[in-house]
Amino acid sequence: MSQSRSIRTTGERSKTMSIIPRLFDLDPDLLPLFQYNCKQFASPQECLSAPEFLDHIRKVMLVIDAAVSHLENLSCLEEYLCNLGKKHQAVGVKVESFSTVGESLLYMLEKCLGAAFSPEVQEAWSKLYSAVAKAMQRGWETHPEGD
Ligand code: HEM
C-alpha cells in the first residue's frame, strides 16, 4: 500500500487533544513557550483550557491536514513551512522540539486507531510528519540564531 493510501484509509478524524498531555509529559519545558499576553501557564491543565492554546492545536492539525492533502506534491508547501519554522525560531522553539511533537502525534494516532495502527500506517505517518518537520527546520538553517 502506498504512503498516501496508508494515511487516507485510516480515517484520521483524530482526537487532537490527546497529543497535548503527552507533549508536556515528554517535555515539560515546552510549557513556558506557550504564552499569550505575556501570561505564563502554571500547569498543562491551565494551558489546555486557554482558547489561544486550543487555537494553536487547530493550527498544527491544519498544517498536518494540508500536508496529507498535498502528499504527492509536498514541495508546494516548502516555502510556507520554512517561514513557519522561522516564526517558531522567533518564539524560542528549538528544532529538537519538533521530534517531541512528532512522538506525541504518533502516540495519539496509536491510541485512536488501535489495531488499525499497523507498522505500515505508523511508517507512513512518521514519514509525513518528518517531511513537515524537516521543511520547518529549514527556517533555522536560513536564519541561524544571532543573525
Ligand atoms: C513544541 C512545539 C511548538 C511550540 C512551542 C509552538 C509554539 C507556537 C507559538 C508560541 C505560536 C505563536 C502563537 C500562536 O499562534 O499560538 C505558534 C504559531 C503557530 N504554530 Fe506552533 N508551536 C510548536 C509546534 C508547531 C508545529 C509542529 C506546527 C505545525 C506542524 C505549528 C504550527 C503553527 C502555526 C500554523 C502557527 C501560526 C503561525 C502564524 O501566525 O502565521 N506549531 N506556535
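Residues numbered from 1 in each chain as written. Predicted model: local features only at pLDDT ≥ 70, side-chain atom pairs only at ≥ 80, totals over all residues. Heavy atoms only, no water.

By the naming in an unreviewed UniProt entry, the chain is Nitrite reductase, taken from Geospiza fortis. Here is the UniProt Catalytic activity (unreviewed entry) comment for the chain, exactly as written: "Fe(III)-heme b-[protein] + nitric oxide + H2O = Fe(II)-heme b-[protein] + nitrite + 2 H(+)". What UniProt states about the chain under its Sequence similarities (unreviewed entry) heading is, verbatim, "Belongs to the globin family." (UniProt positions renumbered as here; feature names shortened; annotations may be inferred.)

1. A short note on the pattern of salt bridges
In this structure the tally under the stated criterion is 4 salt bridges. Between arginine 58 and aspartate 55 there is a salt bridge, with the nearest N and O atoms lying 2.8 Å from each other. Highlighted residues: arginine 58 and aspartate 55, both in helix 4 (residues 51-69), separated by 3 residues, approximately one helical turn. (Salt bridge = Lys/Arg side-chain N within 4 Å of Asp/Glu carboxyl O. Helix = DSSP H or I, 4+ residues; strand = E, 2+ residues; numbered from the N terminus.)

2. Re the site of the ligand
Close to the ligand lie 19 residues, the nearest being Tyr36, His56, Lys59, Lys87 and His88. Within the side chain of histidine 56, an N or O atom sits 2.7 Å from a nitrogen atom of the ligand. A distance of 2.6 Å separates an oxygen atom of the ligand from a polar atom in the side chain of lysine 59. Residue assignment for the shell around the ligand shows that the elements contributing at least two residues are helix 4, helix 5 (78-90), helix 6 (97-113) and helix 7 (119-142). (Near = heavy atom within 4 Å. Polar contact = N/O pair within 3.5 Å; in protein donor to acceptor, adjacent residues only side chain to side chain.)

3. What to know about the packing of aromatic side chains
Under the counting rule described, the total for this entry stands at 5 aromatic pairs. For the ring pair phenylalanine 24 and phenylalanine 34, a centre distance of 6.1 Å and an interplane angle of 85° mean the geometry is edge-to-face. With phenylalanine 24 in helix 2 (residues 19-26) and phenylalanine 34 in the loop between helix 2 and strand 1 (35-36), this pair connects stretches of sequence that are 10 residues apart. Seen in terms of ring centroids, phenylalanine 34 and phenylalanine 53 are 4.8 Å apart; in terms of plane orientation they differ by 85°. Their pairing is edge-to-face. Note that phenylalanine 34 is positioned in the loop between helix 2 and strand 1 and phenylalanine 53 in helix 4, a separation of 19 residues in sequence. Taken together, the ring pairs in this structure connect Phe24, Phe34 and Phe53 into an aromatic cluster. In this arrangement the basic side chain of arginine 22 is found over the ring face of tyrosine 107, its NZ or CZ atom lying 4.2 Å from the centre. (Phe/Tyr/Trp six-rings, centres within 6.5 Å; stacked < 30°, edge-to-face > 60°. Lys NZ or Arg CZ within 6 Å of the ring centre and 35° of its normal.)

4. Observations regarding the nonpolar core
Core analysis: the largest hydrophobic core is formed by 26 residues, its most contacted members being Ile64, Leu81, Phe98, Leu105, Leu109, Trp125 and Leu128. Put simply, the parts of the chain that give this core at least two residues each are helix 4, helix 5, helix 6 and helix 7. Of all the elements, helix 7 adds the most residues to this core, at 9 residues. Setting aside residues no more than four positions away along its own chain, phenylalanine 98 makes contact with His88, Val93, Tyr129, Ala133, Met136, Gln137 and Trp140. Of all hydrophobic cores here, the second largest spans 10 residues; its members include Phe24, Leu30, Leu31 and Phe53. (Core = buried A, V, L, I, M, F, W, Y, C linked by side-chain atoms within 4.5 Å. Buried < 20%, exposed > 50% of the residue type's maximum accessible area, 1.4 Å probe, protein only. Contact = heavy atoms within 4.5 Å.)

5. Points about the coordination of the iron atom of the ligand
With distances of 2.0 Å, the protein atoms coordinating the iron atom of the ligand are His56 (NE2) and His88 (NE2). For histidine 56, a relative accessible area of 22% translates into the label partly exposed. Assessed through its relative accessible area of 17%, histidine 88 is described here as buried. (Donors = N, O, S within 2.8 Å, 3.2 Å for Na, K, Ca; no water.)

6. Here's the deal with the side chain of aspartate 27
Positionally, aspartate 27 belongs in the loop between helix 2 and strand 1. Within the structure, the side chain of aspartate 27 is placed 3.0 Å from the backbone nitrogen of aspartate 29, a separation counted as a polar contact.

7. Looking at the packing of helix 4 against helix 7
Running from N to C, helix 4 and helix 7 point in directions that differ by 110°, and their axes come no closer than 10 Å. As summarised for this structure, helix 4 and helix 7 are arranged roughly perpendicular, according to the angle between their axes. Between helix 4 and helix 7 the crossing geometry is right-handed. Together, Val63, Ile64, Ala67 and Val68 of helix 4 and Trp125, Leu128, Tyr129 and Val132 of helix 7 make up the contact between the two elements. Of the residues that constitute the contact of helix 4 with helix 7, the class distribution is 8 nonpolar, no polar and no charged. (Axes fitted to C-alpha atoms, helices over the stretch in contact; angles between N-to-C directions. Parallel < 35°, antiparallel > 145°, perpendicular 65-115°, else oblique. Left-handed = near helix turned anticlockwise from the far one by under 90°. Nonpolar A, V, L, I, M, F, W, Y, C, P; charged D, E, K, R; others polar.)

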